[in-house]
Amino acid sequence: MPEPFMEAEQMRRQVGRDVRHTWQFLKFHLRNLSSSNNNLTTVLEDLEHYFRVTSHDLTRLNEVDGFREWREKEAAALSALVQHRLHILQNPPDCASAKKIYCDFKAAGRGIGSQLHHLSYCFLASYGTQRTLILDTKNYNGNPEGLETFFLPLSDTCTSYNKSQMVAWPGKKDSPVVQFPAWDRPNPRPNYFPKSIPKDISERLVRLHGDPFAWWMGQFFKYAMRTNKDFQDYIDNQAREMGYESPVVGLQIRRSDKLIREAVYIDLSVYMQEVDEFYKQLELRQPVAQRRIFLATDDPEVISEIKKRYPEYKVLYNPDSVDSTRMKERKKASSVRYLLADVYFLSRSDFLVCGMTSNICRLSYELMQSLHADASTRVSSVDRDYYFHYEVGNVVKARFPHKPRRPEEIELQRGDLVDRYDIPSHFAGHPSKNDGFQWGTNTRTKKHGFYPAYKTIEMLDVANVKSFEHIDI
Ligand SMILES: Nc1nc2c(ncn2[C@@H]2O[C@H](COP(=O)(O)OP(=O)(O)OP(=O)(O)O)[C@@H](O)[C@H]2O)c(=O)[nH]1
Ligand SMILES: [Mg+2]
């Protein structure tokens with residue numbers, strides 16, 4: 001089967017990003033000229049249509065360029081390869097002599113989503129050091145069986161370890177058991193930790209996918225979140241009760257405690273513009289009898305607001321889940337079930353609208369990548385772009401120079417590297433306005449501020465983790 005040229009695939013995705021950023025820029029500035037101007041409203045409407053049609057054409061291009069089947073097959077093959085590797089790593093032929101890495105899942109002071117992202121660090125350490133991951137989740141949030149209340153065990157054959165043999169990270173090559181730190185800041189920190197992808201699959205992955213790192217993270221969740229029968233029954237029941245079916249947009253609105261330090265309040269209309277745009281594009285290709293939303297939120301007010309302001313939508317949600325988000329309910333065992341079911345439904349939606357500041361949004365997005373050949377365009381974040389906590393190397397490279405027009409902007413020279421690392425509490429101080437600009441630090445000048453996203457291209461680090469050449473599938 002012929003393969004597409006990697007550069008062509010990347011360029012086509014770049015066109016998609018350029019179009020989106022140009023549209024954000026135009027919309028933001030035109031709106032700010034004068035919102036009472038009727039002509040302006042018409043211009044905005046017309047422009048919106050231009051951009052919708054262009055985006056739609058780009059999506060169509062993916063379907064008619066002759067590589068659709070190749071994409072499906074390649075995605076399935078890559079996923080099978082990684083899943084097989086994880087299976088082998090987790091089920092060594094002789095458990096007693098297998099090298100292990102121990103990870104405590106229950107570090108206090110973290111939320112469920114953030115703990116699940118700790119799991120990615122644990123899995124990366126296991127993959128990078130070729131050690132079987134022993135994950136202790138017993139009694140997690142009041143669930144005696146921990147994550148196994150919902151998911152299949154990480155191993156069928158190898159779940160015990162000898163505590164007396166455990167040494168601190170990184171240990172020695174021949175240490176029987178190494179303990180991974182609970183706070184995701186391993187020292188030393190090999191470059192297979194975020195943000196990089198394994199070298200031996202990097203070419204195939206970059207050719208296939210618009211967000212290879214998110215795909216890579218999704219593979220760990222695909223493995224760790226294989227539902228057991230009991231949880232799958234619960235989900236199937238929920239789906240029936242709610243009437244969950246395609247087309248459906250997954251909408252997560254994270255408020256309550258998140259707004260204290262880590263995110264900013266965003267009006268429902270901002271989320272709904274993205275939902276509306278998804279359906280308008282879909283309606284260019286097919287009639288939509290009923291616009292559906294699956295809503296997950298920790299703000300009960302959203303339910304009545306959305307029903308009142310957007311009566312044309314059918315809003316599906318789990319009332320028990322919304323109840324469980326009240327502060328005093330969060331530590332109850334059942335709240336884990338509700339959150340995981342929400343993540344399940346969000347990740348299975350046709351399009352996801354949420355704020356990437358939240359672990360729950362990022363987790364759903366990562367998991368979604370394991371369900372499509374390339375689901376990197378099936379999301380719209382109302383706040384920041386996708387990132388990973390304590391990541392190193394979320395870097396873009398300037399392809400055009402930029403002269404700041406406002407004090408908040410940074411200067412760019414062609415070839416400058418801009419590091420996008422930003423901690424949640426800092427982000428809240430300079431939230432993204434969705435105006436085509438992104439926030440970052442120019443690694444040459446050390447200045448941080450906003451830069452026009454279209455003048456940069458994304459860079460991806462590749463880690464030379466031990467290759468699995470002996471595994472042939
Ligand atoms: N079921 C459900 N619970 C939610 C949702 N959003 C927030 N929550 C609740 O809020 C908690 C998440 O807040 P944290 O404890 O800070 O979790 P976190 O993993 O740090 O996630 P973020 O703060 O969103 O990045 C979860 O444990 C839930 O109890 C949601 O959409 N569905
Ligand atoms: Mg949190």
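The name that an unreviewed UniProt entry assigns to the chain is Alpha-(1,6)-fucosyltransferase, with the source organism given as Penaeus vannamei. The Sequence similarities (unreviewed entry) comment attached to the chain in UniProt states, word for word, "Belongs to the glycosyltransferase 23 family."

K.L.:
Would you mind showing me how to read the packing of helix 3 (residues 68-90) against helix 6 (residues 212-224) here?
P.N.:
Two packed helices can be described by the angle between their axes and the distance between those axes. With their axes 10 Å apart at the nearest point, helix 3 and helix 6 run at an angle of 55° to one another. One finds that helix 3 runs oblique with respect to helix 6. Relative to helix 6, the crossing made by helix 3 is right-handed. Contacts from S79, V82, Q83 and L86 of helix 3 reach helix 6 at Q219, K222 and Y223.

K.L.:
Which parts of the structure should I look at to understand the site of ligand 1?
P.N.:
Surveying the vicinity of ligand 1 reveals 21 residues, the closest of which are G111, G113, A296, S358 and N359. When residues of the shell around ligand 1 are traced back to their parent elements, those giving at least two are helix 4 (112-129), strand 7 (291-297), helix 11 (319-324), helix 12 (333-347) and helix 13 (359-369).

K.L.:
Explanation requested: unusual backbone geometry in the structure shown.
P.N.:
Peptide bonds are, in most cases, trans, and in most cases residues other than glycine have a negative phi. Note the cis peptide between W169 and P170, where omega equals 5°. With respect to the helices, strands and loops of the structure, P170 is situated in the loop between strand 3 (166-168) and strand 4 (177-179). A cis amide bond links P194 to the next residue, K195, at an omega of 15°. Mapping K195 onto the fold places it in the loop between strand 4 and strand 5 (196-198). Positive phi, normally seen in glycine, also occurs at S256, with a value near 35°.

K.L.:
Can you help me understand the UniProt feature "domain: GT23" (unreviewed entry) in the chain in this one?
P.N.:
Under the feature "domain: GT23" (unreviewed entry), the UniProt entry names residues 97-382. The span residues 97-382 is 41% helical and 15% strand by assignment, and the distance between its end C-alpha atoms comes to 49 Å.

K.L.:
Mind showing me how you'd approach the sheet that holds strand 12 (residues 417-419) here?
P.N.:
Two pairing modes exist for strands in a sheet, parallel and antiparallel, and in both the strands are linked by backbone hydrogen bonds. Read from one edge of the open sheet, five strands run 14-13-12-11-15, paired in antiparallel fashion. On the outer flanks of this sheet lie strand 14 (448-452) and strand 15 (456-458), each paired with one strand and no other. Within the sheet, the average angular offset between the axes of one strand and its neighbour, ignoring direction, is 50°. With five bridges joining them, strand 13 (residues 437-442) and strand 14 adopt antiparallel strand pairing. Residue pairing in the sheet places F437 in a bridge with P452 of strand 14.

K.L.:
What should I look at first to understand the packing of helix 6 against helix 13 in this one?
P.N.:
Interaxial distance between helix 6 and helix 13 falls to 7 Å at its minimum, and their mutual angle equals 90°. Here helix 6 is positioned roughly perpendicular relative to helix 13, judged by the angle of their axes. Here A214, W215, M217, G218 and F221 of helix 6 come into contact with helix 13, specifically with L363, Y365, E366, L367 and Q369.

Calculation criteria
Residues numbered from 1 in each chain as written. Chains lettered and ligands numbered in written order. Predicted model: local features only at pLDDT ≥ 70, side-chain atom pairs only at ≥ 80, totals over all residues. UniProt positions renumbered as here; feature names shortened; annotations may be inferred. Axes fitted to C-alpha atoms, helices over the stretch in contact; angles between N-to-C directions. Helix = DSSP H or I, 4+ residues; strand = E, 2+ residues; numbered from the N terminus. Parallel < 35°, antiparallel > 145°, perpendicular 65-115°, else oblique. Left-handed = near helix turned anticlockwise from the far one by under 90°. Contact = placed C-beta atoms within 7 Å. Near = placed C-beta within 6 Å. Pairing = 2+ DSSP bridges.

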